[in-house]
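The residues making up each chain are set out below.
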Amino acid sequence: MTTEFLKPAPSDYKWPRCPEADAFMEKNISAFLTRHAFARRLSERMKTETSTLFSVWVDHILLPARQVSPEELKRLGFWEDTTAKRPAGMKIYYHPYADLPRLLVGARIKEAGCAIMVDDLWRFQMTHGLSADSAGAPYSSYRFIRLTEGSAELYVVERRGSLNFVPDTRPRAENYVRCFEAWAARPRLFQSDDQGMKETLRLARHIAKTVGTGAAATLFLEGERIYWQSRNQAAQIQKARQDSLGLGWANHDHHTFRSSRRHFPMLINTLLAFGFKKRERYYAGKEAGWGAQIMEQPEAGLIIFADVDLAPEDVAVDFSKVALPDLPKPGTVGLWCALHGESILQAGMHHLEAKFDFDQLKRDLSDKQIETMKPFSDFSFLRQAFTKAEMWPVPEARLAQLRDKGAVSPEAYEQIKTKGAVGSHMENLQRREGFKGFNQRGVSDIISAVNPELQAVGKRPDQGAA
């Protein structure tokens, strides 16, 4: 059996809506907030100061065994996880087909509790003036602090590549930090992209061997977020807002990378080295000229959307394994890479999608002069919109070469030369009903809308500012 693919997953990869399971979780979160004053105030501040909902930060809910039966959880679609480490006498439940927190259930739990996840415990404690003892070693796979009010307990957890529920006391800080620094400070510009992709894959394999795939995937995406954020104003503003409450980017939904056709299999191999598994694959070649391989890291709970240009005939091949020849004229993804470089190399991520209160974030960013584009998903269970693109300068020699090849028109060449080309975005997302999937038609629309050449000459599909 191959280890490339994520199991279990719906056979047709059409993720279901799970309103009953979602309502069950929201009911328990709401009840907890009435009993824990610090958590309730934090929830209010999350909405007003970071445009997020408390529920998007919830890592797991703790429930007394008397409060819920295995039969009820099964009816709601939850499965028992018998592999993750847990405290003695406890059971872990998760929903394999929904984007929902986990449940920790046991007779030793007296009253329902809640755990939220943050990037760094030290930052959360410093921000809120706390000095609680932390369980678990620094930079370990799982550690937490506990804030008790009467019988109500709020856990603040920090995870680095594990879904376990037992604090990790193994000392691994030095290896983790060394690997993080090696990745974050790695070369991104090489004499050739072929060399760059090979060196990047080599480093990924070394890091995964040193600290394990779960931790490696975590530090990999932390480094990529930092690089992306350095080139995206919306990200800088929003990260500062979330850091004001000591939260970090723990509300991330997925990270999007773009690749040229010839280097796409090498990008996928790098993600496989970090322990990512293949999930659903999008084929939209005839309609929009693109495709995507969704990847999920089951140890760390991380998701990646990997984009590539596709022609209609490419649907018949596994483009995650076969290097495809260049198209006569690159599409949106290929042109972006030709202008800025491979996402895994010099360009960095195309965007980070994080979970927010959709309307609240749009209003709050507008107050800070950050424009939001028209939503490309606007359903009761899924809302998505990009911030207006960052415009990145393009080296003139590279741009002239693309013009001479006919990849950009003379008109687009002049506009990009003076104003730059569409670079990165931040994505505003709100999920409901536990929906874990994506809107393929909507993604097709937004990929067309942010084509660098069309943007340069002012020919934009119906995806303007909302």
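Above: the structure in question.
Just so you know, these numbers come straight off a predicted model, no measurement behind them. (Residues numbered from 1 in each chain as written. Predicted model: local features only at pLDDT ≥ 70, side-chain atom pairs only at ≥ 80, totals over all residues. Heavy atoms only, no water.)

Caption draft 1: Representation of the nonpolar core. Ranked by size, the top nonpolar core spans 49 residues in total, and within it W183, F220 and F276 carry the most contacts. Residues contacting W183, with those up to four places away along its chain left out, are T200, L203, A204, I207, L219, F220, E224, F274 and I344. With 40 residues, the next largest nonpolar core counts L33, M46, V58 and F124 among its residues. (Core = buried A, V, L, I, M, F, W, Y, C linked by side-chain atoms within 4.5 Å. Buried < 20%, exposed > 50% of the residue type's maximum accessible area, 1.4 Å probe, protein only. Contact = heavy atoms within 4.5 Å.)

Caption draft 2: Inspection of the environment of P312 at higher detail. Within the fold, P312 resides in the loop between β11 (302–309) and α11 (332–340). For P312, a relative accessible area of 45% puts it in the partly exposed group. Along the backbone, P312 and A112 are 200 residues apart, and their C-alpha atoms lie at a distance of 52 Å. (Helix = DSSP H or I, 4+ residues; strand = E, 2+ residues; numbered from the N terminus.)

Caption draft 3: Representation of the pairing of strand β3 (residues 90–94) within the structure. The element β3 is extensively covered by neighbouring structure, given that four of its five residues are classed as buried. Relative to β3, strand β2 (residues 79–81) is paired through three bridges, and the arrangement is antiparallel. Bridge assignment links D81 to a residue of β3, and that residue is I92. For β3 and strand β4 (residues 102–106), the ladder comprises four bridges, and the chain directions are antiparallel. (Pairing = 2+ DSSP bridges.)

Caption draft 4: Looking closely at the packing of helix α6 (residues 193–211) against helix α9 (residues 264–273). Where α6 contacts α9, the axes come no closer than 8 Å and their chain directions differ by 10 degrees. Judged by the angle between their axes, α6 and α9 are roughly parallel. Contact residues: M197, K198, T200, L201, A204, R205 and A208 in α6; M266, L267, N269, T270 and A273 in α9. When the residues that make up the contact of α6 with α9 are grouped by side-chain class, the tally is seven nonpolar, three polar and two charged. (Axes fitted to C-alpha atoms, helices over the stretch in contact; angles between N-to-C directions. Parallel < 35°, antiparallel > 145°, perpendicular 65-115°, else oblique. Nonpolar A, V, L, I, M, F, W, Y, C, P; charged D, E, K, R; others polar.)

Caption draft 5: Spotlight on helix α13 (residues 358–367). Listing the buried residues of α13 in full gives F358, Q360, L361, D364 and L365. Looking straight down α13, one finds that the buried residues subtend no more than 160 degrees of arc, so they occupy a single side. The inward-facing, buried residues of α13 contact α2 (37–50), α8 (233–243), β14 (382–386) and β17 (425–431). Looking at the residues trailing α13, positive phi occurs at Q369, about 65 degrees. (Arc of directions from axis to C-beta.)

Caption draft 6: Geometry of unusual backbone geometry. Even without being a glycine, Y139 presents a positive backbone phi close to 60 degrees. Among the secondary structure elements, Y139 is positioned in the loop between α4 (121–128) and β6 (142–149). One non-glycine residue, Q369, adopts positive backbone phi at about 65 degrees. By the element assignment, Q369 lies in the loop between α13 and β13 (377–378).

Caption draft 7: View of the pattern of salt bridges. Across all of its chains, the model carries 34 salt bridges by this definition. Between E224 and R186 there is a salt bridge; the shortest N-O distance is 3.0 Å. Of this pair, E224 sits in helix α7 (residues 213–229) while R186 sits in the loop between α5 (173–184) and α6, and the two are 38 residues apart along the sequence. R383 is paired through a salt bridge with D378; the nearest N and O atoms lie 3.0 Å apart. Relative accessible area serves as the criterion here: at 16%, R383 is assigned to the buried category. (Salt bridge = Lys/Arg side-chain N within 4 Å of Asp/Glu carboxyl O.)

Caption draft 8: A look at the sheet that holds β6. Judged by pairing direction, the sheet is mixed, and its seven strands sit side by side in the order β2-β3-β4-β1-β5-β7-β6 without closing on themselves. Each edge of the open sheet is held by one strand with a lone partner, namely β2 and β6. When strand polarity is set aside, the average angle formed by the axes of neighbouring strands in this sheet is 25 degrees. Sheet strands touched by α4: β5 (113–117), β6 and β7 (152–159). Its angle to β6, the strand with the most contacts, is close to 30 degrees.

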